[in-house]
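So the chains spell out like this:
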Amino acid sequence: MNANDVLFYGHRTVKQTIQDLPESAWTTPGVVGIWSVKDVIAHLDSFERLLIDVLRRVQGETDTPTLDRFLELGNARFNDVEVAERQDWTVAEVWQAYQDTAQESQALLAQISVAERRRTGALPWYGKEYDLEDYIAYANYGHKREHCAQIGVFRDQTKQ
């Protein structure tokens, strides 16, 4: 697997999914439960920040506040807290934040050797049988594809 390509194509999928989406459609609830497109992108931004901390932790850094918060709160509570923190952000601010974190994660991944990316057990909290590339494929790329499909369904249903 080429993890750099996986991050690139995941981000490209998000960009293509929201391309030409009218700003008014960004705040309409119902994409995922009560979440709007803006909320979904805020959620993806929080998971991109989580990936950045995972990459930093693999590089030996211990100052990883987003990862620490995720491990403390658990997935569901983390999602609620992170999306709520971005409620007052504009659509442009949420989109820019997501794009910035996606670029940062791609840059950080490029600094990690392929051998380190494939070191089983590097993320003990994720599962001792997994490596960084597994995490990127499932928790990042797969996650983006799932939410982009939901945005696609929303667009079809609302003719956006």
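Note: the structure precedes this text.
Remember, it's a predicted structure, so these values are computed and weren't measured experimentally. (Residues numbered from 1 in each chain as written. Predicted model: local features only at pLDDT ≥ 70, side-chain atom pairs only at ≥ 80, totals over all residues. Heavy atoms only, no water.)

1. Structural notes on the overall build of the protein
Here is the rule we go by: Each helix is a run of DSSP H or I of at least 4 residues and each strand a run of E of at least 2, with the numbering of both proceeding from the N terminus. In this setup the radius of gyration rests on C-alpha atoms only. A globule is expected at 2.2 Å times the number of residues raised to 0.38. Each residue is placed in one exposure class: buried if its accessible area under a 1.4 Å probe, protein chains only, is under 20% of its type's maximum, exposed if it is over 50%, and partly exposed if it falls in between.
Counting its regular elements, the protein contains 8 helices and 0 strands. From first element to last, N terminus to C terminus, the protein shows the α and β order α-α-α-α-α-α-α-α. Taking 2.2 N^0.38 as the reference for a compact globule, 160 residues should give roughly 15 Å; the C-alpha atoms of the protein span a radius of gyration of 16 Å, in line with that estimate. Within the protein, buried positions represent 47% of all 160 residues.

2. Some points on the pattern of salt bridges
Let me state the cut-off plainly: One side-chain nitrogen of Lys or Arg within 4 Å of one carboxyl oxygen of Asp or Glu is enough to make a salt bridge.
What the rule picks out here adds up to 10 salt bridges. A salt bridge links R49 to D45; its shortest N-O distance comes to 2.9 Å. Of this pair, R49 and D45 both sit in helix α3 (residues 37-58), 4 residues apart, which is roughly one turn of that helix. Its salt-bridge partner being R56, residue E104 comes within 2.6 Å of it at the nearest N-O pair. Of this pair, E104 sits in helix α6 (residues 91-110) while R56 sits in helix α3, and the two are 48 residues apart along the sequence. Take E104: its relative accessible area is 32%, and that puts it in the partly exposed class. The partly exposed category is assigned to R56, whose relative accessible area is 23%. By sharing partners, the salt bridges in this structure join D45, R49, R69, E82 and R86 into a single network.

3. So, unusual backbone geometry
Positive phi is not limited to glycine here, since D20 has a value of about 65°. Turning to its location among the elements, D20 is positioned in the loop between α1 (3-18) and α2 (23-26). The class of D20 is exposed, set by a relative accessible area of 68%.

4. Details of the side chain of R117
The cut-off we apply is this: Note on contacts: a residue pair is in contact if any heavy atoms of the two residues lie within 4.5 Å.
In this structure, R117 sits in helix α7 (residues 114-117). Beyond its immediate chain neighbours, meaning those up to four positions away, R117 contacts A3, N4, L109, A110, I112, D131, L132 and E133.

5. Some words on the side chain of T101
Defined as follows: What qualifies as a polar contact is a pair of N or O atoms within 3.5 Å, subject to a donor-acceptor requirement within protein and to the restriction that residues adjacent in sequence count only when both atoms come from side chains.
Here T101 shows up in helix α6. Looking at T101, its side chain comes within polar contact range of the main-chain oxygen of Y98, at 3.0 Å. Excluding residues within four positions of it along the chain, T101 makes contact with D45, E48, R49 and I52.

6. Thoughts on α3
Since there are 3.6 residues in each turn of an α-helix, residues three or four apart along the chain are aligned in direction. Going by this rule: To estimate how far a helix should reach, multiply one less than its number of residues by 1.5 Å.
Across its 22 residues, α3 extends 31 Å between first and last C-alpha, which sits within 8% of the 32 Å expected from 1.5 Å per residue. Among the 22 residues of α3, 19 are classified as buried, and the element is accordingly described as predominantly covered. The N-cap of α3, judged by a side-chain oxygen 3.3 Å from the amide nitrogen of K38 a few residues on, is S36. Note on α3: the residue one or two positions beyond its end, G60, has a positive phi of about 100°.

7. As for the packing of aromatic side chains
What counts is decided by this rule: Here is the rule: rings of Phe, Tyr and Trp (six-membered ring for Trp) pair when centre to centre is within 6.5 Å. Planes less than 30 degrees apart are stacked, more than 60 are edge-to-face, and the remainder are tilted.
Summed over the entire model, instances satisfying the criterion amount to 12 aromatic pairs. Aromatic pair F47 and F78: ring centres 5.7 Å apart, planes at 85°, arrangement edge-to-face. Note that F47 is positioned in helix α3 and F78 in helix α5 (residues 75-85), a separation of 31 residues in sequence. For F78, a relative accessible area of 0% corresponds to the buried category. Between W125 and Y135, the aromatic rings sit 5.6 Å apart at their centres with planes inclined by 75°, giving edge-to-face as the arrangement.

In short, the description is geometric, and any link to function would need to be established separately.
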